[in-house]
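Analysis of the macromolecular model
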Amino acid sequence: MEARWLPSSLNPFGDIEIAALITFTIFPHIKTVATVQMMLEDFENGLYDDKHTIVVDSSGNTAHAVARLARAFGFSEVKVVLSVDIPESKKGILAALSSVEIIEVGASKSVSQRAKEEAQKPGHYHLNQYCHMGNVHAHTMYTGPEIVKMLPVNFVLVAIAMGSGGTACGVGRHFKRWHPGKVVLGVRPKLGEQVPGARDSKKMADIVTLPWERYVDAVVEAGRKDSFIGMRQLWSVVEPQPGPTSGLAFKGLMHYLRGLNAEERNKLRGKTVGFICPDDGRFYSERTMGELDPAQGL
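Residues numbered from 1 in each chain as written. Predicted model: local features only at pLDDT ≥ 70, side-chain atom pairs only at ≥ 80, totals over all residues. Heavy atoms only, no water.

Our next topic: the overall build of the protein. A count of helical and extended segments in the protein gives 11 helices and 10 strands. For the protein, the C-alpha atoms occupy an extent of roughly 60 × 45 × 35 Å along the three principal directions. The 298 residues of the protein split such that 55% are buried. Surface exposure of the protein reaches about 12800 Å², of which carbon and sulfur atoms provide 50%. When the 34 positive and 32 negative side-chain charges of the protein are each reduced to one mean point, those points stand 2 Å apart. (Helix = DSSP H or I, 4+ residues; strand = E, 2+ residues; numbered from the N terminus. Buried < 20%, exposed > 50% of the residue type's maximum accessible area, 1.4 Å probe, protein only. Areas by Shrake-Rupley, 256 points an atom, 1.4 Å probe, with all protein chains shown as cover. Lys, Arg positive; Asp, Glu negative; His and termini not counted. Charge placed at Lys NZ, Arg CZ, Asp CG, Glu CD.)

In space, the 4 strands of this open sheet follow the order β5-β4-β3-β6, with parallel pairing throughout. The open sheet is flanked by β5 (100-105) and β6 (124-127), the only strands paired with a single partner. Neighbour-to-neighbour, the strand axes of the sheet open up by a mean angle of 25°, direction not taken into account. With 5 bridges connecting them, strand β3 (residues 53-57) and strand β4 (residues 77-83) associate as parallel partners. Pairing of Val56 across the sheet is with Val80, part of β4. Running at roughly 150° to β5, helix α3 (residues 88-95) makes contact with β4 and β5 of the sheet. (Pairing = 2+ DSSP bridges. Axes fitted to C-alpha atoms, helices over the stretch in contact; angles between N-to-C directions. Contact = heavy atoms within 4.5 Å.)

Summed over the entire model, instances satisfying the criterion amount to 0 disulfides. Cysteine Cys131 remains unbridged, with the sulfur of Cys169 as its closest cysteine sulfur at 13 Å. On the accessibility criterion, Cys131 (37% relative accessible area) is partly exposed. (Disulfide = S-S within 2.5 Å.)

Atomic detail in the predicted coordinates should be set aside for any region of low pLDDT. Summing up the model confidence of the protein, the mean pLDDT is 90 and the portion of residues at 70 or higher is 94%. Within the model, pLDDT remains below 50 along residues 293-298, and this stretch shows 16 contacts once partners closer than five positions in the same chain are excluded. (pLDDT = per-residue confidence, 0-100.)

At their nearest, the axes of helix α1 (residues 31-44) and helix α5 (residues 133-150) sit 8 Å apart, and the two run at 120° to each other. Judged by the inter-axis angle, α1 sits oblique to α5. For the element pair α1 and α5, the recorded crossing hand is right-handed. Contact residues: Val33, Ala34, Gln37, Met38 and Glu41 in α1; Gly134, Asn135, His137, Ala138, His139, Met141 and Tyr142 in α5. Among the residues making up the contact of α1 with α5, the classes are represented as 6 nonpolar, 5 polar and 1 charged. (Parallel < 35°, antiparallel > 145°, perpendicular 65-115°, else oblique. Left-handed = near helix turned anticlockwise from the far one by under 90°. Nonpolar A, V, L, I, M, F, W, Y, C, P; charged D, E, K, R; others polar.)

The end-to-end C-alpha distance of helix α6 (residues 166-178), which contains 13 residues, comes to 18 Å, matching closely the 18 Å that a straight helix rising 1.5 Å per residue would cover. Among the residues making up α6, those that are buried are Gly166, Thr167, Ala168, Cys169, Gly170, Val171, Gly172, His174 and Phe175. (Expected span 1.5 Å × (residues − 1).)

We now examine the sheet that holds strand β2 (residues 17-22). On the basis of which strands lie adjacent, the open sheet formed by 6 strands has the order β1-β2-β10-β7-β8-β9 and mixed pairing. On the outer flanks of this sheet lie β1 (2-5) and β9 (218-222), each paired with one strand and no other. The average undirected angle you get between the axes of adjacent strands in this sheet is 30°. The sheet contact formed by strand β7 (residues 155-161) and strand β8 (residues 183-189) spans 5 bridges and is parallel. Within β8, the residue paired with Leu157 across the bridge is Val183.

Moving on: the nonpolar core. Core analysis: the biggest nonpolar cluster contains 30 residues, and Leu6, Ile18, Leu253, Leu257 and Phe275 have the highest contact counts within it. When residues of this core are traced back to their parent elements, those giving at least two are β2, β7, β8, β9, α9 (244-258) and β10 (272-277). With near-sequence residues (within four places) excluded, Leu6 lies in contact with Asn11, Ile18, Ala20, Leu234, Val237, Phe250 and Phe275. In terms of nonpolar packing, the next biggest core, distinct from the first, is built from 23 residues, Leu151, Ile160, Met162 and Val216 among them. (Core = buried A, V, L, I, M, F, W, Y, C linked by side-chain atoms within 4.5 Å.)

With respect to the helices, strands and loops of the structure, Gly170 is situated in helix α6. The buried category is assigned to Gly170, whose relative accessible area is 0%. Sequence spacing of Gly170 and His139 is 31 residues, and the spatial spacing of their C-alpha atoms is 4.5 Å.

Across the interface, helix α8 (residues 224-234) lies against α9 with an axial gap of 7 Å and an inter-helix angle of 100°. In terms of orientation, α8 lies roughly perpendicular with respect to α9. Residue-level inspection shows Asp226, Ser227, Phe228, Ile229, Gly230, Met231, Gln233 and Leu234 of α8 in contact with α9, the latter providing Pro244, Ser246, Gly247, Leu248, Phe250, Lys251 and His255. Along the lines of polarity and charge, the residues of the contact of α8 with α9 split into 7 nonpolar, 6 polar and 2 charged.

Here is the structure:
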C-alpha cells in the first residue's frame, strides 16, 4: 500500500491532510488479498476436495482474482455470476481467461441466488465473499496494519467503500484491537444507485452477513455520478489511475467532512484522514464514463 497526499485543488480543508491509500500498485485491486485468504482457508479445511468448478458472484474484481487463482487451488473451471449491467470492458477481461464461463443475471433477479443454485451441481463450490470470514481476516491481518504503516501517527479516520463489507470490517477490527480511537467511515452508494464494487443499504442487507456493523463507526452515502466524477478527479494526481469504488470512498469522505459542525472540525485541525482506493480505473472504458464531467466541483 502507498499513500498519495491530495493537493489543495482536491482538498478544500486546508487544516486537514487527506491521503489516498493505493492498494493496487502490485495487485490489480484489493480483492486479490481477500480472495487469496478465503481460498487458502477453504483449501486448508478440505472444502475443495473432489471439486472441479468454483462459482463466484461478483461485480468483477473478486471474480478476476478467483479466475487467476483457481488452477493453483486445483480448479479446472470457473463460473462467474454477475449482473448484466457490469461494464463490457470488465466482462471482456474475464472472458479472455480460457477457464471462465460468464453467467449474466438480469436486473430483476438475484445474482447471489443464481450463484447458490449453480453451486449445487456436482463438483461445484461457491466462494461466497459476503459471508466468508476469510474476507475479514485478510484485512485484519494485512490491510489494517498497512494503513497504520503508511499514515502518520496523527491519522484519525479512514473512509472505505463497502460492497461485501469485508475491508471495512477487517480494518475496523484491527483498529479496535490495536489502535482504539481510530475511526472507520463506511461509504455506500445512495439507495437505488449502482457503483461497481459497492452496494447500497438494501443490497447489503439482502446478502451480506459479515459483522461489519460492529467495526464501522459511521456510514455515509454518495451517488453514482459523484463517484465517477471523483474517480476522474483523482486521475489528475494519483497513479495508477483509481476506479469508481475509489471515487465513491473519496466523495464519501468529502461529504462526511463537510457535514461536521465547527467543534468537530476543530478537533481534526492538524490531523490526517485517508480513504482507500481499492480498484484500478483501467478496468473501465471511456464509454462507461463518457456522460460525466470531470470539471464538476468537489
